Amino acid sequence: MAYKRQIDRLPIIPADAQEFNVTCHYCIVGCGYKAYTWPMNRQGGTAPNQNKFGVDLSEQQFMESEAWYAPSMYNVVRQNGKDVHLVVKPDSECVVNSGLGSVRGARMAENRPSKVTGTQQQRLSDPLVWRNGVWQPTSWDDALDLVARVTARVITEGSEDDLVVSVFDHGGSAGGYENTWATGKLYFQSMSIRNIRIHNRPAYNSEVHSSRDMGVDELNNSYVDYELTDTIFVVGANPMETQTNLYLNHMVKGMQNGARFIMVDPRRTVSVNSAELYAGPDNVLHLPIKEGTDLALLNAIMTEIVDQGWSDSDFIANSTFQDGAAVAQDEAHPASLGSLDHAMEEIRLSLDEAAEICGVPVEDIAKAAAWIAKPHDDGSRRKAALAYEKGIIWGNDNYRVVGAMVNIALATGNIGREGGGVCRLGGHQEGYFRPDESVVGRPAEYVDQFLIRGLGGVHHVWACDHHKTTINASEFKRAHKRRSDMVKDAIDSAAGGTREQLVDAIVSAINAGGLFVVDMDIIHSQIGQNAHVILPACESNEMNLTSMNGERRLRLSEKYMDPYGNSRPDCLIAAGIAQNMERVLRDMGQDAYADKFKGYDWDTEEDAFMDGYGAKHTDVTYDRLRDSGNNGVQEPVAGYENGQLIGTERLYTDGVFTRHGREDGKALFCASGWRGWQAAGKAREQAAHKYWINNVRANIFWQNQFLDQKNEFIQERFPYPFIEMNPDDMVEEGLNPGDLVEIINNNGVTQGMVYPTATAKPRQVAMVFGSPAGSQGNVINAGVNELVLPNYKHCWGDIRKVSNATRETAGISFKSKEIAL
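Given the structure is predicted, the values throughout are model-derived calculations rather than measurements.

Peer 1: Quick one: what's the story with the pairing of strand E3 (residues 74-79), residue by residue and with numbers?
Peer 2: When you tally the buried positions in E3, you get 5 out of 6 residues, the bulk of the element. Relative to strand E4 (residues 82-90), E3 runs antiparallel, the two being bridged by 6 bridges. Along E4, the bridge assignment pairs asparagine 75 with leucine 86. Turn length for the E3-E4 hairpin, with the two strands adjacent in sequence and antiparallel, is 2 residues, and the turn residue asparagine 80 shows positive phi of about 55°.

Peer 1: Outline empty space enclosed by the protein, listing residues and values.
Peer 2: Leftover empty space is mapped by rolling, across the atoms, a probe with the size of a water molecule. Within this structure, the stated rule accounts for 4 cavities of 30 Å³ or more. In terms of lining residues, the largest cavity is bounded by 27 residues, among which Gly236, Ala237, Gly391, Asn695 and Lys793 are the most central. Elements that contribute at least two residues to the lining of the largest cavity include exactly helix H13 (390-393) and strand E25 (691-696). The element best represented in the lining of the largest cavity is E25, accounting for 4 residues. Taken together, the residues that form the lining of the largest cavity break down as 8 nonpolar, 10 polar and 9 charged. Each of domain 3 (220-429) and domain 4 (682-811) gives at least three residues to the lining of the largest cavity. Computed from the structure, the second largest cavity encloses a volume of approximately 90 Å³.

Peer 1: Explain the side chain of histidine 286 residue by residue, including any values.
Peer 2: Here histidine 286 shows up in strand E11 (residues 284-287). Reaching out from histidine 286, the side chain makes a polar contact with the backbone oxygen of aspartate 265 at a distance of 2.8 Å. Within polar-contact distance, the side chain of histidine 286 engages the backbone oxygen of arginine 267 at 3.0 Å. Once residues lying within four places of it in the same chain are set aside, the contact partners of histidine 286 are Met263, Asp265, Arg267, Arg268 and Val272.

Peer 1: Describe a nonpolar patch on the surface, and please don't skip the residues or the numbers.
Peer 2: Together, Leu277, Tyr278 and Ile819 line one region of the surface with nonpolar side chains, adding up to about 250 Å² of accessible area. Its relative accessible area of 31% is what places tyrosine 278 among the partly exposed residues.

Peer 1: Just give me the short version of the packing of aromatic side chains, but keep the residues and values in it.
Peer 2: Using the criterion set out here, one finds 24 aromatic pairs in the structure. Judged by centre distance (4.4 Å) and plane angle (45°), the rings of tryptophan 394 and tyrosine 792 are tilted. With tryptophan 394 in the loop between H13 and helix H14 (398-411) and tyrosine 792 in the loop between strand E31 (789-790) and strand E32 (796-803), this residue pair connects regions lying 398 residues apart in the sequence. With centroids separated by 6.4 Å and ring planes inclined at 65°, the aromatic side chains of phenylalanine 722 and tyrosine 755 adopt a geometry described as edge-to-face. Placement of the pair is phenylalanine 722 in strand E26 (residues 722-725) and tyrosine 755 in strand E28 (residues 748-756), with a sequence separation of 33 residues.

Peer 1: Lay out the sheet that holds strand E12 (residues 325-327) with the relevant residues and their values.
Peer 2: For sheets, the rule is that strands pair by backbone hydrogen bonds, running either parallel or antiparallel. Taken together, the 3 strands give an open sheet; going across it, the order is E12-E13-E24, and neighbouring strands pair in antiparallel fashion. If you trace the sheet from one side to the other, it starts and ends with E12 and strand E24 (669-670), each paired once. The pairing of strand E13 (residues 337-338) with E24 spans 2 bridges and is antiparallel. Across the sheet, residue leucine 337 finds its bridge partner in E24, namely cysteine 670.

Peer 1: Report on helix H12 (residues 362-373), specifying residues and quantitative values.
Peer 2: Between its terminal C-alpha atoms H12 stretches 17 Å, which fits the 16 Å expected from 12 residues at 1.5 Å a residue. Taken together, the buried positions of H12 are occupied by Ile365, Ala366, Ala368, Ala369, Ala370, Trp371, Ile372 and Ala373.

Peer 1: Give me the lowdown on the side chain of asparagine 580, citing residues and values where you can.
Peer 2: Mapping asparagine 580 onto the fold places it in helix H18 (residues 570-587). Here the side chain of asparagine 580 touches glycine 576 through a polar contact of 2.8 Å, landing on its backbone oxygen. Within the structure, asparagine 580 has its side chain in polar contact with the side chain of arginine 583 (distance 2.7 Å). With sequence-adjacent residues up to four places away left out, asparagine 580 is seen in contact with Leu144, Asp145 and Ala148.

Peer 1: An account of the pattern of salt bridges is requested, with residue identities and associated values reported.
Peer 2: Under the defined criterion, the tally for this structure stands at 57 salt bridges. For glutamate 724, the salt bridge goes to arginine 267, with nearest N and O atoms at 3.1 Å. On the criterion of sequence distance, the pair formed by glutamate 724 in strand E26 and arginine 267 in the loop between strand E10 (260-264) and helix H7 (270-279) is long-range, its members being 457 residues apart. Taking relative accessible area as the criterion, glutamate 724 reaches 8% and is therefore assigned buried. Among the charged side chains, a salt-bridge network with shared partners connects Arg131, Asp142, Asp145, Arg149, Arg499 and Arg583.

Peer 1: So what's going on with the domain arrangement of the chain? Residues and values would help.
Peer 2: Each assigned domain of the chain is listed with its residue range as follows: domain 1 (18-111), domain 2 (128-205 + 440-548 + 566-611), domain 3 (220-429) and domain 4 (682-811). Here domain 2 meets domain 4 over a buried area of about 1,800 Å², counting both sides, of which 62% is carbon and sulfur. In this assembly, domain 2 and domain 4 are joined by 0 salt bridges. Run the count over domain 2 and domain 4 and you get 13 residue pairs in polar contact (both at pLDDT 80 or more). A per-element tally of the side of domain 2 that touches domain 4 places helix H16 (residues 473-493) first, with 3 residues.

Peer 1: Give a description of the packing of helix H8 (residues 294-307) against H12 that names residues and reports values.
Peer 2: For the pair H8 and H12, interaxial distance at closest approach is 9 Å and the crossing angle is 60°. Judged by the angle between their axes, H8 and H12 are oblique. Between H8 and H12 lies a crossing whose hand is right-handed. Here Leu297, Ala300, Ile301, Glu304 and Ile305 of H8 come into contact with H12, specifically with Ile365, Ala366, Ala368, Ala369, Ile372 and Ala373.

Peer 1: An account of the nonpolar core is needed here, citing residue identities and associated values.
Peer 2: Side chains of nonpolar character tend, in soluble globular proteins, to be buried together. Core analysis: the largest hydrophobic core is formed by 230 residues, its most contacted members being Leu186, Phe233, Phe261, Ile301, Trp462 and Phe516. Contact partners of phenylalanine 233, with chain neighbours within four places excluded, come to Ile262, Val264, Leu298, Ile301, Ile372, Ala385, Leu386, Ala387, Met405 and Ile408.

Peer 1: An account of unusual backbone geometry is needed here, citing residue identities and associated values.
Peer 2: The omega torsion across arginine 442 and proline 443 is 0°, close enough to zero to call that bond cis. Tracing the chain through its elements places proline 443 in the loop between strand E15 (422-424) and helix H15 (447-452). Cis geometry marks the peptide bond from glutamate 635 to proline 636, where omega comes out at -5°. Inspection of the secondary structure assignment puts proline 636 in the loop between strand E21 (633-634) and strand E22 (639-641). A positive phi angle, near 65°, is found at arginine 552, a position not held by glycine. As for its position among the elements, arginine 552 is in the loop between strand E19 (545-548) and strand E20 (553-557). A relative accessible area of 3% means that arginine 552 is categorised as buried.

Peer 1: Which residues make up the pairing of strand E14 (residues 384-388), and what values go with them?
Peer 2: Most of E14 is tucked away, with 5 of its 5 residues classed as buried. Side-chain alternation along E14 places Ala384, Leu386 and Tyr388 on one buried face and Ala385 and Ala387 on a second face that is also buried. Pairing analysis gives 5 bridges linking strand E9 (residues 231-235) to E14, with the strands arranged parallel. Opposite valine 235, over in E14, you have tyrosine 388 as the bridge partner. Where E14 lies against E15, 3 bridges are found, and the strand directions are parallel. Residue pairing for E15: alanine 387 is matched across the bridge by cysteine 423.

Definitions and limits used
- Residues numbered from 1 in each chain as written.
- Predicted model: local features only at pLDDT ≥ 70, side-chain atom pairs only at ≥ 80, totals over all residues.
- Heavy atoms only, no water.
- Buried < 20%, exposed > 50% of the residue type's maximum accessible area, 1.4 Å probe, protein only.
- Helix = DSSP H or I, 4+ residues; strand = E, 2+ residues; numbered from the N terminus.
- Pairing = 2+ DSSP bridges.
- 1 Å grid on protein atoms, 1.4 Å probe; cavity = no way out; pocket = protein on both sides within 12 Å on 5 of 7 lines; lining within 4 Å.
- Points joined across faces, edges and corners; volume = space filled by probe spheres on them.
- Nonpolar A, V, L, I, M, F, W, Y, C, P; charged D, E, K, R; others polar.
- Domains from an automatic or database assignment.
- Polar contact = N/O pair within 3.5 Å; in protein donor to acceptor, adjacent residues only side chain to side chain.
- Contact = heavy atoms within 4.5 Å.
- Patch = residues over 30% accessible without salt bridge, like charges linked within 9 Å, V, L, I, M, F, W, Y side chains within 5 Å.
- Areas by Shrake-Rupley, 256 points an atom, 1.4 Å probe, with all protein chains shown as cover.
- Salt bridge = Lys/Arg side-chain N within 4 Å of Asp/Glu carboxyl O.
- Phe/Tyr/Trp six-rings, centres within 6.5 Å; stacked < 30°, edge-to-face > 60°.
- Expected span 1.5 Å × (residues − 1).
- Buried area = accessible area lost by both parts, 1.4 Å probe.
- Axes fitted to C-alpha atoms, helices over the stretch in contact; angles between N-to-C directions.
- Parallel < 35°, antiparallel > 145°, perpendicular 65-115°, else oblique.
- Left-handed = near helix turned anticlockwise from the far one by under 90°.
- Core = buried A, V, L, I, M, F, W, Y, C linked by side-chain atoms within 4.5 Å.

Okay, structure coming up:
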């Protein structure tokens, strides 16, 4: 990252440069950074009193020292209408990352739009409306008027069920408490929208329903707990790759302090390799299960813990439900919930049975149970920090397998305890705050299938692209394009007419099966190709944005540059839609309905924050968060004393569990019995095709690959989505490194670049998720887990060569990702 073409020197940050608190807006870890800006015609000097860091810059500054920054951390941006220098570098005082920067976060500066350096010129700058066969730039008034007129006509002539919404539910660049509140207020308070889905799954639901039903919030520990624990147990995650600085700054310290490391993953990943380097191979246990068998393994570990008498009887007696079943299995609860004894009736699975199902030796399953729960020689209880993520969340039998993780933590008393916790490692940061959403129901509507069936008439899309991040994507794309093209044809046929004639034409096309699409985004996305109105959003640091990380650390990431062009924060776009809906409905004589769209008179994102989150959490304000710096405050906020916000280091230290809303405060165990494949079609697909196509993430562009389409550093490393294969399989298929291939099955076709990986098992490949150049979702079937949770992780297909390595791929390094320190 230190090397960059055409840059051989960087300006020195002057002592009086402006300084801003920045939280990296990519992954959930939320590393702290500092941004510095100063006028173009000035820079600092080498003398200590001439630069921001007060050090002698005439001497060599070593990498990651306080005064060091890379070319990727520098750019020129607009601030208050003027060009200014910008440096965004890791904050050494932030307890999250202690000065570490990830390959994504440390490129935040270069991924800012700049007309001086030419970066990110694909950003959307003005509202666009489909007019005369192309997208024409227009004013906000014109675009919002059309959105409101069409939306209001459709939902008043039909119902609110005719409005379909796709929306983010997270923090980071396209979320935060400001934006989730605004969209939630629009769709759940002003309207009662049921047909709504979340950015990465085809319904509006939680990825951890069972954990919450059991009483346990999925983010309940502190990152420091990984440093204080005896055992780190990771299932369905790859923290070195995708929560990098949580791993390096906290998990590694735990291993250096003597913690053992257990990894459950069909693949041997860089996390396993790295853990062996830090902890030593004798203190690392990799359980390479057969695909989709996590639940059987977890149940066997749970059975062994209980049968060996290693469970925490005091914790179980005091903090968990005791009287059989508390919640019956039904459509909303894919497993019953209740006491430990009740759950064990379904859970019980012997080591031998689990070994047969999972393909993991009996002795390794027993060793995992002992490392998690066997007391120390002095009789003291072992601490275990349990972590999980998309491998089971987007895997087989979501509700039960997440419940099985929580079962182990409850049985061993490792929640609310120093060195414990059972937590998602997370994707995006969290910034979710919305009004009551019970109108959606549970199970929620399978929105993708709703649209494919020709239902709904208007589709509002907020900062998500289902063409890259949904299952059954091939069919979804065809249906969505066909329906949106009907409306484009109607718009073209009404060219030159009045606004009323245009709206009439659009509504007629909708009534004939068409779909009117409104896309809110920062670039012209693939699903945006179907849009009729495109509204340009800005992102974090072009606006003030609040969110919390994976240990519930709430921060204010400050605005340090102007929004690109005429783009606006999502919260103010939502306010604009609401204001126009009120006006249009009044013009239609719908005054009572129009009244529901009052209360959006926000001028800034801070107004939206105070209208939502700030109204409920009155101790929290922008000024107080700004004073809290990059260390912020851990939620829930307990008060404000002596000029500081008071936070909560870890949840449930009192042994009272609240997430399920039960008055008794008792946690529930999940009767998470093993039942094989749960999502439809998986077993049939497995039998019909040669390769398991696993769905994985990559450190280098996870959550910002859409922006990196124009980034030279990234494109030279991965110009196409990688498909990791065992070298023997490559020989069998006649493939060489860098060759382009297609993956084919009955669901569709996708494509990528072969990447030889010696540690990959035969007949198992790993394809990167969400690539603009090739979506794995094309070959994933429509089958979902109960409660409409997608199983991205399990699909099967055959591999066919498309071409030899291209000029872009022939020069790529295909060295092993496993390294020795």
